[in-house]
Amino acid sequence: MDQTLNHEASAPEDRYCDLVMKGGITSGVVYPPAIVKLAHRYRFKNIGGTSAGAIAAALTAAAEFRRRHAKFRERLDALFGELDILIAPCAPMSRLPLGEDHANARKAIL
């Protein structure tokens, strides 16, 4: 069973779910597969928890953030590519970040 999430196979943008998770070792084991199943049908809006549930909530919030902002990051990368074409011929070569430094500068901004 595939237990990964990506932004292409995500829930509809208008279907939300609030998620509150309690603590306890058993809960910590049960949450990951349950969250994956819920994530295929819902987008998480308010996420919280205590103890092991707080750890699962933090990971869920991070995954939801990535899912929501993946398309934005792709558009931003495309914009950087367009700006490279426009700016490169005009700027002095000594001021342009080139090669690996250019990639690192882009990552630092993102």
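Just above, that's the structure.
All of these numbers come straight from a predicted model, not from anything done at the bench.

Moving on, we come to unusual backbone geometry. Its identity is not glycine, yet Ser51 carries a phi of approximately 55°, on the positive side. Take Ser51: it is sitting in the loop between strand E2 (43–49) and helix H2 (52–87). A relative accessible area of 58% places Ser51 in the exposed class.

In this section: the packing of aromatic side chains. Working definition: an aromatic ring pair is given by the centre-to-centre distance plus the angle between the planes. As enumerated under the stated definition, the model contains zero aromatic pairs in all. The ring of Tyr16 has Lys45 sitting right over it, with the charged end atom 5.0 Å from the ring centre.

Among the nonpolar cores identified, the biggest contains nine residues, and these are Cys17, Leu19, Met21, Tyr31, Ile35, Ala39, Phe44, Ala56 and Ala57. Those elements that place two or more of their residues in this core are strand E1 (16–21), helix H1 (25–39) and H2. Residues within four places of Ala57 in sequence aside, it is in contact with Met21, Ile47, Gly48 and Gly49.

Attention now goes to the pairing of E1. The two faces of E1 differ: Cys17, Leu19 and Met21 on one face are buried, but Tyr16, Asp18 and Val20 on the other face are not. In this region the chain leaves E1, passes through H1 and returns to the parallel neighbour E2; the handedness of that crossover is right-handed.

Definitions and cut-offs
- Counting of residues starts from 1 at the beginning of each chain's written sequence and follows it residue by residue.
- At least 70 in pLDDT is required for a residue's local features to be given in this predicted model, at least 80 for side-chain atom pairs to be given and counted, and no such filter applies to totals for whole chains, interfaces and linings, which use all residues.
- Excluded from the side-chain calculations are hydrogens and water; all other atoms, namely the structure's heavy atoms, are used.
- The helix and strand labels rest on DSSP assignments: H or I over at least four residues marks a helix, E over at least two residues marks a strand, and numbering proceeds from the N terminus.
- Each residue is placed in one exposure class: buried if its accessible area under a 1.4 Å probe, protein chains only, is under 20% of its type's maximum, exposed if it is over 50%, and partly exposed if it falls in between.
- Any two of the Phe, Tyr and Trp rings considered here, Trp counted by its six-membered ring, make a pair once their centres fall within 6.5 Å; the pair's planes then place it as stacked at under 30 degrees, edge-to-face at over 60, or tilted in between.
- Charges are assigned to positions over rings by a cutoff of 6 Å between ring centre and Lys NZ or Arg CZ, combined with an angular limit of 35 degrees from the ring normal.
- We define a nonpolar core as any set of buried Ala, Val, Leu, Ile, Met, Phe, Trp, Tyr and Cys residues linked to one another through side-chain atoms lying within 4.5 Å.
- The contact criterion used is simple: two residues touch if any of their non-hydrogen atoms lie within 4.5 Å.
- When the strands point away from the viewer, a crossover counts as right-handed if the route from the first strand across the helix to the second turns clockwise.

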